[in-house]
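# Fold and geometry: a report
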Amino acid sequence: MNIEDGFSSLSAIMQFEVWFLLVSLASLIFYLILTGKINTKGLFLEGNRSQTYSWEKAQVIILTLAFVAYYLIQVKYSLHSGELPTIPPEFLLILGGSNLIYLWNKLFSILKDRRTSRV
């Protein structure tokens, strides 16, 4: 057996193990969410007691999950090149802008709560 054959076999085994680990973790998290052991109640609601829907939280979560899905698909297609895929600057701007909107509204909400508690 050639040493290159050994490394290619080892590489294939490691790729399988990594994908198995990722799929197992995703399945476990999905199962725990379905059984209620991970509490997702109020995930999209405001942090205060008003129980109103938070569009900022929703857009951050949705865009982050979309970015993760896109990147994992790119990783799958670039496995044979041996390099991680590059992240397009547009995605970084969209993700950064999404987080900025969330943080700005969170800061505004905190300052508004402090102002009303002083009065």
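What counts as what
In this numbering scheme, every chain counts its residues from 1 along its sequence in written order. Where local features are concerned, this predicted model is filtered to residues with pLDDT of at least 70; where side-chain atom pairs are given and counted, the filter is 80 or more; whole-chain, interface and lining totals use all residues. Note that water and hydrogens are dropped before the side-chain values are worked out from all heavy atoms of the structure. Helix numbers and strand numbers start at the N terminus; a helix is a DSSP run of H or I with at least 4 residues, a strand a run of E with at least 2. Computation of the radius of gyration draws on C-alpha atoms, with the globule rule given as 2.2 Å multiplied by the number of residues to the power 0.38. Each residue is placed in one exposure class: buried if its accessible area under a 1.4 Å probe, protein chains only, is under 20% of its type's maximum, exposed if it is over 50%, and partly exposed if it falls in between. What makes two residues a contact is simply this: any of their non-hydrogen atoms within 4.5 Å. Surface exposure here means Shrake-Rupley accessible area, sampled with a 1.4 Å probe, where a residue is shielded only by the protein chains that are shown. Buried and open spaces are told apart on a 1 Å grid over the protein atoms alone, a cavity being a set of points where a 1.4 Å probe fits but cannot get out and a pocket being an open set with protein on both sides within 12 Å along at least five of seven lines. Residues with an atom within 4 Å of a point are the lining residues. Grid points are joined across faces, edges and corners, and a volume is the space filled by probe spheres set on the points. For this scheme, ten residues count as nonpolar: Ala, Val, Leu, Ile, Met, Phe, Trp, Tyr, Cys and Pro. Four count as charged, namely Asp, Glu, Lys and Arg, and the remainder, Gly too, count as polar.

## Some remarks on the overall build of the protein
Along the backbone of the protein there are three helices and zero strands. Each helix and strand of the protein, placed in order from N terminus to C terminus, yields the pattern α-α-α. Relative to the globule expectation of 14 Å for 119 residues, the C-alpha radius of gyration of the protein, 21 Å, shows a markedly less compact shape. Based on the C-alpha atoms only, the size of the protein along its principal axes is roughly 80 × 40 × 20 Å. Per-residue burial over the protein gives 10% buried out of 119 residues. Here the contacts in the protein between residues at least 6 apart in sequence split such that 39% fall between residues at least 24 apart. Accessible surface, the protein: about 10,100 Å² in total, of which carbon and sulfur atoms supply 69%.

## Regarding the layout of surface pockets
When its volume is computed, the second largest pocket comes out at roughly 260 Å³. Lining the second largest pocket, in full, are W19, L22, V23, L25, A26, I29, F30, I33, L65, V68 and L72. At the level of secondary structure, the elements contributing two or more residues to the lining of the second largest pocket comprise α1 (3-35) and α2 (55-77). Residue contributions to the lining of the second largest pocket peak at eight residues, all from α1. Here the residues of the lining of the second largest pocket sort into eleven nonpolar, no polar and no charged.

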